[in-house]
Amino acid sequence: MTSVLGIHHITAIGGNAQSLVDFYVKLLRQRLVKRTVNYDDPSTYHLYFGDETGSPGTILTFFPWDGVPRGTIGPGQVTEITYSIPSGSMEAWTQWLSDEKVEFRQTSDAEDTNLVIFTDPDGLPLALRESHEAGTDFRTDAFHSARLTVASSEETEAVLEDFLGYERQAEHGSTLRYGMAGVSGSFLDLDLQPNAKLGQMGIGTVHHIAFRVASDEDQLEMRERLARAGFHVSSVMERHYFKSIYFREPGGILFEIATDGPGFMVDEPLDSLGQSLMLPGWLESQRSEIESLLPPLTA
């Protein structure tokens with residue numbers, strides 16, 4: 001039975017595209033590994049931020065829909081994204097955030113490990129958590145975890161356990177921590193908030209979370225299992241850098257199952273990732289029109 005391999009990417013709705021690049025590249029030390037467009041709305045960018053190669057498990061992507069209303073965060077959404085940072089680098093990071101006038105607070109998580117909580121320019125909740133691996137680089141590494149907030153948790157728990165292969169590992173107040181044996185950095189914190197107002201999609205909120213599978217065959221097997229269980233699952237969609245299927249879990253969060261390959265170097269070399277607007281073949285004939293609609297972007 002196929003299980004996922006952890007988090008593949010997380011996609012959020014942002015505002016101004018340049019502000020996103022400035023924050024995630026200059027402040028969070030991510031790489032803009034791909035600038036392309038939303039294939040369902042080519043008049044807007046789709047920006048991918050991650051590690052040097054855009055490895056699965058490091059990628060936060062954005063639809064910059066400047067001008068749409070600000071969203072509200074609540075049940076039915078991914079409500080916080082936590083990055084790992086090298087062990088011993090927390091003090092440097094808090095100093096850096098202070099120097100850059102980023103407001104933050106310090107707390108602890110389900111494993112009683114220190115966290116620094118803050119938001120991006122659009123109000124998207126982020127956190128930094130020291131990993132167990134020492135390092136000298138001042139950087140954010142892969143995702144450590146994502147917080148899933150729901151009004152009722154039992155059916156969501158069943159999806160995580162029975163279909164995705166996650167296991168409950170800890171409990172911290174209203175939050176259940178899920179992880180996968182032998183897979184680090186892809187934890188899910190399932191937060192039960194039965195009395196909170198449901199979240200509303202908009203700027204500063206997460207659109208969906210994607211989970212990894214190794215191959216097309218694993219993705220199709222997962223799709224068949226979900227469909228047999230009564231979930232409405234999309235057809236396989238070609239995203240050029242991976243293939244995707246989508247379904248909404250019972251708590252209202254949009255889940256994607258994405259293949260690891262072919263990856264971000266399928267259309268440009270490693271040393272120039274993210275420097276040019278890349279379009280799939282079916283949109284290339286519209287390049288001039290698309291470029292005229294997109295604001296200039298400096299990375």
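Residues numbered from 1 in each chain as written. Predicted model: local features only at pLDDT ≥ 70, side-chain atom pairs only at ≥ 80, totals over all residues. Heavy atoms only, no water.

**Examining helix H2 (residues 90–99)**
Phase 1: Residues of H2 that are buried: Met90, Trp93, Thr94 and Leu97. Angularly, the buried residues of H2 cover 95° about the axis, an arc narrow enough to put them on a single face.
Phase 2: Residue lysine 101 follows H2 closely and has a positive phi angle near 60°. (Buried < 20%, exposed > 50% of the residue type's maximum accessible area, 1.4 Å probe, protein only. Helix = DSSP H or I, 4+ residues; strand = E, 2+ residues; numbered from the N terminus. Arc of directions from axis to C-beta.)

**What about the sheet that holds strand S13 (residues 205–213)?**
Phase 1: Read from one edge to the other, the open sheet built from eight strands follows the order S2-S3-S4-S1-S13-S16-S15-S14, with strand pairing classed as mixed. The two strands at the open ends of the sheet, each matched to only one other strand, are strand S2 (31–38) and strand S14 (237–238).
Phase 2: Across seven bridges, the pairing between S2 and strand S3 (residues 41–50) is antiparallel. Looking across to S3, one finds that valine 37 is bridged to tyrosine 45. (Pairing = 2+ DSSP bridges.)

**Brief notes about the packing of aromatic side chains**
Phase 1: Under the criterion given, the structure shown has 15 aromatic pairs.
Phase 2: Here tyrosine 48 and tyrosine 241 contribute two aromatic rings whose centre-to-centre distance is 6.3 Å and whose plane-to-plane angle is 75°, an arrangement assigned as edge-to-face. Here the residue tyrosine 48 occupies a position in strand S3, and tyrosine 241 occupies one in the loop between S14 and strand S15 (243–248), the gap between them amounting to 193 residues.
Phase 3: Given the relative accessible area of 4%, tyrosine 48 is considered buried.
Phase 4: Looking at tyrosine 241, the relative accessible area reads 1%, which means it is buried.
Phase 5: Put simply, the rings of Phe163, Tyr166, Phe211, Phe231, Phe247 and Phe255 pair up and form one aromatic cluster.
Phase 6: The aromatic ring of tryptophan 96 is capped on one face by arginine 29, whose charged end is 4.7 Å from the ring centroid. (Phe/Tyr/Trp six-rings, centres within 6.5 Å; stacked < 30°, edge-to-face > 60°. Lys NZ or Arg CZ within 6 Å of the ring centre and 35° of its normal.)

**Observations concerning the pairing of S13**
Phase 1: Of all nine residues in S13, seven are buried; the element is thus mostly enclosed.
Phase 2: Judged from the six bridges that link them, strand S1 (residues 7–14) and S13 form a sheet pairing that is antiparallel. By the bridge assignment, alanine 12 is partnered in S13 with valine 206.
Phase 3: Two strands pair when backbone bridges link them, and S13 and strand S16 (residues 254–259) are joined in this way by five bridges, in the parallel orientation.

**Remarks on unusual backbone geometry**
Phase 1: Residue proline 262 follows glycine 261 across a cis peptide bond; omega there is 10°.
Phase 2: Structurally, the position occupied by proline 262 is in the loop between S16 and helix H5 (287–293).
Phase 3: Unlike most non-glycine residues, lysine 101 shows phi in positive territory, near 60°.
Phase 4: Locating lysine 101 in the fold gives a position in the loop between H2 and strand S6 (105–108).
Phase 5: Assessed through its relative accessible area of 71%, lysine 101 is described here as exposed.

**What to know about the pattern of salt bridges**
Phase 1: Tallied over the full model, the rule gives 12 salt bridges.
Phase 2: Among the ionic pairs, lysine 243 bridges to aspartate 216, the shortest N-O distance being 3.1 Å. Pair noted here: lysine 243 is in strand S15 and aspartate 216 is in helix H4 (residues 216–228), with a separation of 27 residues, a long-range link.
Phase 3: What you see here is one network of salt bridges that share partners, running through Lys34, Asp267 and Glu268. (Salt bridge = Lys/Arg side-chain N within 4 Å of Asp/Glu carboxyl O.)

**Describing the pairing of S3**
Phase 1: With seven of 10 residues buried, S3 lies mostly within the body of the structure.
Phase 2: Taken together, S2 and the strand that follows it, S3, pair antiparallel across an intervening segment of two residues.
Phase 3: With three bridges connecting them, S3 and strand S4 (residues 59–64) associate as antiparallel partners. Residue pairing for S4: phenylalanine 49 is matched across the bridge by leucine 60.

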